[in-house]
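Listed here are the chains, written in short residue letters.
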Amino acid sequence: MTDLAWQGFPRADGSVGVRNDLLVLSIAGLTGPTARRVAAALPHAKCVTMPFGGGLLGADAQAHMRSLIGFGLNPNVGAVLLIGSDKPKLQEIAQAIAASSKPLAAICLDDCDHDALTLTDRAIRAGAQLQLDISRLRRQRAALSDLCIGLECGRSDPSSGMVANPLIGLVADRLEQAGAQVMFGETLEWLGAEHLLAKRAASPQIAEELRAAVQRREQLARSHGQDLLGHNPGPTNIAAGLSTIEEKSLGAIAKSGSGCIRGVLSLAQRPAGPGLYAMDASAYSPESLSGFVAAGAQMLLFSTGVGNSYVSLLAPTIKLSANPRAGRTLAQQLDFDASPVFEGRQSASDAADALLHRLLDVASGTMTWGEILGEGDEVVARMGEAL
Amino acid sequence: MKDPASKPAAASEAAGALVLHPHDNVATALRDLAPGETIGLQGPSHVLTLKVSEPVALCHKIALQALEPGQSARKYGEVIGTVSQAIGMGCHVHVHNLKSDRAQVQPPAHPSRSG
């Protein structure tokens, strides 16, 4: 492991992208269809449409704004084409993203005589110019410390907890020690393992925040008379051999490695500095991944047991499994096959080296199966009612 | 690597199941296991071989010892739940005989509609 550099797109705010995308972002449900039409006319663009946005309250409203701004600020996004119908909100988001000096155009339906076709025309023209501008950028050498990585598991089986997640943990340790940012989340899957996480907290206060986050989710399930069995672990987990949330959690937290936990983040909240952070958020993959991406993750390491095709749209997602069956049957879903470790044919340390190299390879431009096959999306969690 | 849970485990070709921690009383099947066969165990186990009493599918759990209702099942050296029905040595340990200690249903605060 001598040369651990990678090649990325330097941004004006000091971050480095592993991709250089034009993001077409509709900030509320009303302009979603227009945004999709615009993105279809700009075949290199990535399109994220928010299905809701009006009348959100409290933590929901904050998470929503953090997510929209965070997608725009993500280092993989070279330029942003914002589309909306609520002008003050559109301007607020545009100003927050433009503060990073990222190229941006914001087009409001109100300024187009309320005509979605006029909006479409203006947005396609503005987007085309942005696409040309960002296409002039070239990759430059970047360091491990320029990375921000989110860790996820989904459709897990016991091989996830025994092999794939501990492998991610070894890579997380390497990244964190090199000064990168690393985030893990899925609060419900700390349940039964929170005592182990609390021991690794940087302060007693952070330990208490970790425990409190778990208690809040546990209480939420109880207050609705909801047994977790069948939900988490879910039917796929159970069929694969996971029996209880404790068993699943003990395997899930292995992704976080052994590093010191520097803080507990809210959904889509950016880490304050380098190191390992816990994000208190949904355990369901689409919402969890988007929380990391909005917080600045350029890439995701995502373990599965039996298989899981879902990836982030904006952050290349490396899918791995240690399940020998998945390794044989999901050749065009798994970017990394960890089953040789499960079967005793490869050491965990060798596999972790290989996984880190794969990560840097993808960071430098090699595509993931999820990117090639278009399995990506961004989904912002919705917590409560709106006005 | 401070926690056993964060250490990647490896299996040998010969072993039929993997024990993750010396305090564990369940092991994880490394292949589909058939009743009657005697399997080798990989990992920090007190027993080296185990007779399989029931079919246990790949990645599912097998009891390393007889377990009584109320006893804790341990994997990764940690409690993963409480045994709800007697489990014989070499039997399948899963949702039919092991229950979570956490996030169980409690009666709703309001009176039940059913009689």
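The model shown is predicted, which means the values in this text are computed figures rather than measured ones.

1. Notes on the overall build of chain B
Scanning chain B for helices and strands turns up zero helices and nine strands. Residues classed as buried in chain B amount to 46% of the 115 residues present. Taking all contacts inside chain B whose residues are at least 6 apart in sequence as the whole, residues at least 24 apart take part in 47%.

2. Quick notes on the overall build of chain A
The number of helices and strands found in chain A is 14 helices and 16 strands. Scored against the burial criterion, the 387 residues of chain A give a buried share of 58%.

3. Quick notes on the sheet that holds strand β7 (residues 140-142) of chain A
Residues and elements named next belong to chain A. If you walk across this open sheet you meet the three strands as β2-β1-β7, and the pairing is antiparallel. Only two strands of the sheet have a single neighbouring strand rather than two, namely β2 (16-17) and β7. Of the strand pairs in this sheet, strand β1 (residues 6-10) and β2 are connected by two bridges, and their pairing is antiparallel. Counterpart to Phe9 in the pairing with β2 is Gly17.

4. Remarks on the domain arrangement of chain A
Residues and elements named next belong to chain A. Assigned domains within chain A: domain 1 (21-135) and domain 2 (144-377). Here domain 1 and domain 2 have C-alpha centroids that lie 29 Å from each other. Contacts between the two partners involve 13 residues from domain 1 and, on the opposite side, 13 residues from domain 2. The set of elements that each furnish at least two residues to the side of domain 1 that touches domain 2 consists of β4 (46-49) and α2 (58-73). Here the side of domain 1 that touches domain 2 is built from residues that sort into six nonpolar, four polar and three charged.

5. As for the packing of α2 of chain A against helix α10 (residues 285-294) of chain A
Residue and element names in this part refer to chain A. Contact geometry for α2 and α10: axes closest at 8 Å, N-to-C directions at 60 degrees. Judged on the interaxial angle alone, α10 and α2 are oblique. Touching Arg66, Ser67, Gly70 and Phe71 of α2 are Ser290, Val293 and Ala294, all from α10.

6. Side note on the sheet that holds strand β12 (residues 299-304) of chain A
All names here are of chain A. Read across the sheet, seven strands follow the order β10-β11-β9-β8-β12-β14-β15 without closing on themselves; strand pairing throughout is parallel. Since the sheet does not close on itself, it has two edges, and those belong to β10 (261-265) and β15 (336-337), each with one partner. Pairing geometry for strand β14 (residues 317-321) and β15, over two bridges, is parallel. For Leu320, the partnering residue across the bridge sits in β15 and is Phe336. α10 contacts β8 (148-153), β9 (181-184), β11 (275-279) and β12 of the sheet and is inclined by roughly 170 degrees relative to β8.

7. Quick word on the pairing of strand β7 (residues 78-83) of chain B
The side chains of a regular strand alternate between both faces of the sheet. Residue and element names in this part refer to chain B. Of the strand pairs in this sheet, strand β6 (residues 72-75) and β7 are connected by four bridges, and their pairing is antiparallel. Its bridge partner lying in β7, Arg74 is registered against Val79. Linking β6 to β7, which pair antiparallel, is a turn of two residues; within it Tyr76 sits at a positive phi near 60 degrees.

8. A few points about the environment of Leu313 of chain A
Residue and element names in this part refer to chain A. Residue position: Leu313 is located in the loop between β13 (311-312) and β14. Residues Leu313 and Pro235 lie 78 residues apart in sequence; the distance between their C-alpha atoms is 26 Å. Residue contacts for Leu313: discarding those within four places in its chain leaves Lys46, Val48, Gly376, Asp377 and Glu378.

9. Comments concerning helix α5 (residues 158-177) of chain A
All names here are of chain A. Compared with an ideal rise of 1.5 Å per residue, which puts 20 residues at 28 Å, α5 spans 28 Å between its outermost C-alpha atoms and is within 8% of the ideal. Largest kink in α5: about 35 degrees, centred on Ala164, with the proline Pro166 one to four residues after it. Most of α5 sits inside the fold, with 18 of its 20 residues counted as buried. Positive backbone phi, at 95 degrees, marks Gly179, one or two positions downstream of α5.

10. Considerations on the confidence of the model for chain B
Residue and element names in this part refer to chain B. When pLDDT is averaged along chain B, the result is 83, and 77% of the positions lie at 70 or above. When mean pLDDT is compared element by element in chain B, strand β8 (residues 92-93) scores highest at 98, while strand β1 (residues 15-18) scores lowest at 92. Within the model, the stretch residues 1-7 combines pLDDT values under 50 with 21 contacts to residues more than four positions away or in other chains. Note that residues 107-115 has pLDDT below 50 and, in this model, one contact with residues that lie over four places away or in other chains. Our summary of model confidence lists the complex with pTM equal to 0.92 and ipTM equal to 0.84.

11. Some words on the pairing of β11 of chain A
All names here are of chain A. Taking burial as the measure, the five residues of β11 include five buried ones, the bulk of the element. Direction of pairing for β9 relative to β11: parallel, over a ladder of four bridges. Looking at β11, one finds that Phe184 is bridged to Ala278. Relative to β11, β10 runs parallel, the two being bridged by three bridges. Looking at β11, one finds that Val264 is bridged to Ala278.

12. Notes on helix α7 (residues 204-223) of chain A
All names here are of chain A. The first and last C-alpha atoms of α7 sit 28 Å apart over 20 residues, in line with the 28 Å expected at 1.5 Å per residue. Looking at α7, one finds that the buried residues are Ile206, Leu210, Ala213, Val214, Arg217, Glu218 and Ala221. Projected onto a plane normal to the axis of α7, the buried residues spread over an arc of 125 degrees and lie on a single side. Across from the buried face of α7, at angles greater than 90 degrees, the exposed residues are Pro204, Gln205, Ala212, Gln215, Arg216, Gln219 and Ser223.

13. Let's talk about unusual backbone geometry
Although it is not a glycine, His114 of chain A sits at a positive phi angle of roughly 60 degrees. Inspection of the secondary structure assignment puts His114 of chain A in the loop between β6 (104-108) and α4 (116-135).

Criteria and cut-off values
- Residues numbered from 1 in each chain as written.
- Chains lettered and ligands numbered in written order.
- Predicted model: local features only at pLDDT ≥ 70, side-chain atom pairs only at ≥ 80, totals over all residues.
- Helix = DSSP H or I, 4+ residues; strand = E, 2+ residues; numbered from the N terminus.
- Buried ≥ 20, exposed ≤ 12 C-beta atoms within 10 Å, placed from the backbone.
- Contact = placed C-beta atoms within 7 Å.
- Pairing = 2+ DSSP bridges.
- Domains from an automatic or database assignment.
- Nonpolar A, V, L, I, M, F, W, Y, C, P; charged D, E, K, R; others polar.
- Axes fitted to C-alpha atoms, helices over the stretch in contact; angles between N-to-C directions.
- Parallel < 35°, antiparallel > 145°, perpendicular 65-115°, else oblique.
- Expected span 1.5 Å × (residues − 1).
- Bend = angle between axes of the 7 residues up to and from the residue.
- pLDDT = per-residue confidence, 0-100.
- Arc of directions from axis to C-beta.

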